[in-house]
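A look at the structure
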Amino acid sequence: MPQTITLRLLPREAADAKHYTALAARRLGIAEQQVALVRVVKRSIDARQRQPWVNLTLELYIDQESQPEPIHFDYPSVVGKSEVVVVGSGPAGLFAALRLIELGLKPILLERGREVSARKVDIACINRGGEVNPDSNYAFGEGGAGTFSDGKLFTRSKKRGDYNRALQTLVFHGANPEILYEAHPHIGTDKLPYIIRNICRTITACGGEVLFERRVTDFILRDGVMRGVVCGDERIEGAAVVLATGHSARDIYYKLHERGIRLEAKALAMGVRIEHPQALIDQIQYHQPERGEYLPAASYSLVSQEKGRGVYSFCMCPGGFIVPAMTDASQSVVNGMSPSGRTSPYANSGLVTEVRLSDFAFLEPQWGPLAGLKYQEMLEEAARREGGDGQVAPAQRVADFVAGRASRSLPATSYIPGITPSRLDRWMPNFMAEGLRMGLTTFGRRMRGFVTNEAIVAGVESRTSTPVRIPRDAETLMHPEVEGLFPTGEGAGYAGGIISAGLDGERIAEAVARYVKPR
Ligand SMILES: Cc1cc2nc3c(=O)[nH]c(=O)nc-3n(C[C@H](O)[C@H](O)[C@H](O)COP(=O)(O)OP(=O)(O)OC[C@H]3O[C@@H](n4cnc5c(N)ncnc54)[C@H](O)[C@@H]3O)c2cc1C
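Residue indices begin from 1 for each chain and proceed along its sequence in written order. Only residues with pLDDT of at least 70 get local features here, since the model is predicted, and only at 80 or more are side-chain atom pairs given and counted; chain-wide, interface and lining totals rely on the full set of residues. Only hydrogens and water are set aside; all other atoms, that is, all heavy atoms of the structure, feed into the side-chain values.

1. A few points about the pattern of salt bridges
Salt bridges are counted wherever a side-chain nitrogen of Lys or Arg sits within 4 Å of a carboxyl oxygen of Asp or Glu. The full count for this structure, using the stated rule, is 39 salt bridges. Residue R259 is joined to D218 by a salt bridge in which the shortest nitrogen-to-oxygen separation is 2.8 Å. Remark: D218 occurs in strand β7 (residues 218-222) and R259 occurs in the loop between α7 (250-258) and β11 (264-265); sequence separation between them is 41 residues. One network of salt bridges, with partners in common, ties together R99, E102, R165, E506 and E510. Only DSSP runs of H or I reaching four residues or more are called helices, and only runs of E reaching two or more are called strands; each is numbered from the N terminus.

2. Focus: the domain arrangement of the protein chain
Bring the parts together and some accessible area is lost; that lost area is often taken as the interface size. Segmenting the protein chain into domains produces domain 1 (3-62), domain 2 (83-263 + 470-515) and domain 3 (265-461). Domain start and end points were adopted from an automatic or database domain assignment. Between domain 1 and domain 3, the C-alpha centre-to-centre distance is 38 Å. Buried surface at the junction of domain 1 and domain 3, both sides included, amounts to about 690 Å², of which 69% is carbon and sulfur. At the boundary of domain 1 with domain 3, the tally comes to zero salt bridges. A 3.5 Å cut-off defines polar contacts: any pair of N or O atoms within that distance qualifies, except that in protein one atom must be a possible hydrogen donor and the other a possible acceptor, and neighbouring residues in sequence count only when both atoms are side-chain atoms. For the pair domain 1 and domain 3, the interface holds two residue pairs in polar contact (both at pLDDT 80 or more). Of the residues that constitute the side of domain 1 that touches domain 3, the class distribution is five nonpolar, two polar and three charged. Values labelled buried area give the accessible surface lost by two parts on being combined, using a 1.4 Å probe and summing over both. In this classification, the charged set is Asp, Glu, Lys and Arg, the nonpolar set is Ala, Val, Leu, Ile, Met, Phe, Trp, Tyr, Cys and Pro, and all remaining amino acids, among them Gly, are polar.

3. A few points about the nonpolar core
What we call a nonpolar core is a set of buried Ala, Val, Leu, Ile, Met, Phe, Trp, Tyr and Cys residues that are connected through their side-chain atoms within 4.5 Å. Each residue is assigned to one of three classes by its accessible area relative to the maximum for its type, calculated with a 1.4 Å probe on protein chains only: buried under 20%, partly exposed between the two thresholds, exposed over 50%. Core analysis: the largest hydrophobic core is formed by 46 residues, its most contacted members being L170, I203 and V512. Of all elements in the fold, only β4 (83-87), α3 (91-102), α5 (160-172), α6 (192-205) and α13 (498-515) reach the threshold of two or more residues within this core. Considering every element that reaches this core, the biggest residue donor is α13, with eight residues. Residue contacts are counted whenever heavy atoms from the two residues lie within 4.5 Å of one another. Excluding its chain neighbours within four sequence positions, the residues that come into contact with L170 are F95, L153, A175, I179, I187, I195, I199 and I499. A347, L379, A383 and L440 belong to the second-largest nonpolar core, a separate cluster that totals 40 residues.

4. Focus on empty space enclosed by the protein
Within this scheme a cavity is a closed region of a 1 Å grid, computed over the protein atoms alone, that accommodates a 1.4 Å probe without allowing it to escape, whereas a pocket is open but has protein on both sides within 12 Å along at least five of seven lines; lining residues each have an atom within 4 Å of a point. Grid points are joined across faces, edges and corners, and a volume is the space filled by probe spheres set on the points. Across all of its chains, the model carries two cavities of 30 Å³ or more by this definition. Quantified by volume, the largest cavity comes out at close to 80 Å³. Taken together, P91, L94, F95, G146, L153, L170, I187, L192, I196, I199 and I498 make up the full set of residues lining the largest cavity. Broken down by secondary-structure element, the contributors of at least two residues to the lining of the largest cavity are α3 and α6. For the lining of the largest cavity, the class distribution of residues is ten nonpolar, one polar and no charged. If you add up the space inside the second largest cavity, you get close to 40 Å³. Around the second largest cavity sit F73, Y75, F95, L98, R99, E102, R165, T169 and E506, which together line it. When residues of the lining of the second largest cavity are traced back to their parent elements, those giving at least two are α3 and α5. Looking at the lining of the second largest cavity, the element that brings in the most residues is α3, giving four residues. Residues that form the lining of the second largest cavity fall into these classes: four nonpolar, one polar and four charged.

5. Observations concerning the environment of A433
Following the sequence through the fold, A433 ends up in helix α12 (residues 430-446). Residue contacts for A433: discarding those within four places in its chain leaves F401, D425 and M428.

6. Looking at the packing of aromatic side chains
Working definition: a ring pair exists when centres of Phe, Tyr or Trp rings (six-membered ring for Trp) sit within 6.5 Å. Plane angles under 30 degrees give stacked, over 60 give edge-to-face, the rest tilted. Within the structure shown, the criterion is met by nine aromatic pairs. Relative to F172, the ring of F73 lies with its centre 5.5 Å away and its plane at 55°, an arrangement referred to as tilted. Here F73 is found in the loop between β3 (53-62) and β4, whereas its partner F172 is found in helix α5, with 99 residues between them in sequence. What makes F172 partly exposed here is its relative accessible area of 27%.

7. Regarding the sheet that holds β3
Two strands qualify as a pair provided DSSP detects at least 2 bridges between them. Pairing is antiparallel in the open sheet, where three strands are placed in the order β1-β3-β2. This sheet does not close on itself; its edge strands, each paired only once, are β1 (3-9) and β2 (35-46). Pairs of neighbouring strands in the sheet enclose a mean axial angle of 20°, with direction left out of account. As a rule, the C-alpha atoms of each element are fitted with a line to give its axis, helices using only the stretch in contact, and angles between N-to-C directions run from 0 to 180 degrees. Sheet strands in contact with helix α2 (residues 17-28) are β1, β2 and β3, and its direction is about 120° off that of β1.

8. Digging into α13
Here α13 is 18 residues long and its end C-alpha atoms lie 26 Å apart, about the 26 Å a rise of 1.5 Å per residue gives. Burial analysis of α13 places 14 of its 18 residues in the buried class, the great majority of the element. The span expected for a helix works out to 1.5 Å for each residue beyond the first.

9. Topic: the site of the ligand
By nearness alone, 37 residues border the ligand, and E111, A145, K152, E490 and I498 come closest of all. Between an oxygen atom of the ligand and a main-chain N or O atom of G141, the distance comes to 3.1 Å. G144 is positioned with one of its backbone polar atoms (N or O) 3.5 Å from an oxygen atom of the ligand. We get accessible surface area from the Shrake-Rupley algorithm with a probe of 1.4 Å; when it comes to residues, only the shown protein chains can shield them. In isolation the ligand has 990 Å² of accessible area, and contact with the protein removes 95% of it. At the level of elements, α3, β16 (334-337) and α13 are the ones that each hand at least two residues to the shell around the ligand. When grouped by side-chain class, the residues that make up the shell around the ligand number 16 nonpolar, 14 polar and seven charged. In this structure, the shell around the ligand is formed jointly by two domains, domain 2 (83-263 + 470-515) and domain 3 (265-461), each of which donates at least three residues. Any residue with a heavy atom positioned within 4 Å of a molecule or strand is treated as near that molecule or strand.

10. Thoughts on the side chain of K106
Position of K106 relative to the elements: it lies in strand β5 (residues 106-110). Look at K106 and you get buried, because its relative accessible area is 12%. Among all residues touching K106, those that are not within four sequence positions of it are V78, K81, S82, E83, V84, G207, G208 and E209.

11. Quick word on the pairing of strand β14 (residues 309-317)
Pairing analysis gives four bridges linking strand β13 (residues 303-306) to β14, with the strands arranged antiparallel. Across the sheet, Q305 pairs through a bridge with G310, a residue of β14. Linkage of β13 to β14, two consecutive antiparallel strands, is achieved through a turn of two residues, within which K307 is found at a positive phi near 50°.

12. What about the layout of surface pockets?
Here the second largest pocket defines a volume of roughly 620 Å³. Together, 25 residues line the second largest pocket, and V41, N164, I179, L180 and Y181 are the ones closest to its centre. Elements represented by at least two residues in the lining of the second largest pocket include exactly β2 and α5. Here the residues of the lining of the second largest pocket are counted per class, giving 16 nonpolar, four polar and five charged. Counting residues domain by domain, the lining of the second largest pocket receives three or more from each of domain 1 (3-62) and domain 2 (83-263 + 470-515).

Have a look at this one:
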């Protein structure tokens, strides 16, 4: 058994493996030469006091003690096995496909978008203010919304075993093993495409199929049983259909509704992206004029209740960029990402308010369960009108927004298509503008300097969660009225991030295996 020890170190000491190994050996009363291997198993920063500390938990393998094996997964061949159609190659679809393979089923993975390298070209086009390809963008394409994302690997999942296994799956496919012990693991947008590619390679190497530029346009339903899908002229059938299309696939919700497949309206959260200079967030969080070379770009997580409504920060990207995450040129949608090194001079996060069913009840008579979707679209289109052409986003300085003043100019931003001054409260729903204003005032009291005109809020952060749930039976995990249809991931309303979508995908694959008899 390895010896476990926790050390509280200065950031400089925590970056020096020789230093902490020697210290750990001394504390354990052994000679440094006896340490055959030292593994960091947990690392977190405690910045509550003026001097930030790093808590490092180490495992020391001493003398001849057997050392941990590198992580390895055995994916069997599924050539000739029962076929399962998986729609969408986001984390839910990919993890579902991997688990189907482990369970002896052959996934046929259909993805509307292009593979990673072609997708990079489409994304560059959006950033330059060019066309938005409705099938290949920040949300659609190989790896789904998880590929050109931040890659924070946080989940509220209570099952640590499943969580660790999901992280190990990513490490097996090329992620840095540091994600296994960091308190807030993060991959970064520069590394994600490589990992996603490797997962797709595993699927095809085992005999599964990954087909790009296959947009599902309809479903093959016979006698209330889901038999497969239609992609333009092609009909693709399987023993079951896993629907992992994410929350931006509005055409899928419309099609399900049109085919009489029951959907449910769901509350969501919407708001803005807020961006500060990273140096300012570092100063506030580390209580020092500069963070120096040993501390990472600082982050924050803020929550408050304003007049009974939740207001919170979401998907914080230290050292990151604001990105245009629309799937259609008629919308303005912002989101955030950061590279693995978190090297940009900006810090951004989503700042959102709770949106309740009652807020869009006026759309219900016409749109039924799709009322929230329409409400989301209306806000995105309003932002687009305010921002203008070329994916320019409407924005306001933060102190001006809180004071209800127009900003005559705007500071520099990481958002490549650009920002233009706008009074956000003039076109946002009142409850949202008011909630954000009150929330910011509260956050400004907790983090002195947070409400400043050096920072901006830009609109709109509308794709935080789905406004529609695709119901499923608690036991079979199938749609309660459509046998063979297995909705999963964020778009179905059962996940809210890369890891939770991946874990839900695995869970759905296990349900599929119980339903389909392996050949
Ligand atoms: C910029 C950005 C940054 C983010 N950062 C983080 C982060 O740091 N950490 C985190 O946990 N989460 C982050 N997220 C959210 C995260 O990416 C999603 O929660 C996650 O990807 C959801 O997984 P999913 O598989 O359910 O759906 P998605 O990832 O949305 O995948 C759905 C897939 O289905 C495909 N599809 C849709 N319709 C069809 C169709 N008709 N036919 C065929 N294919 C179809 C899409 O092209 C897409 O590839 C970020 C999102 C964005 C946009």
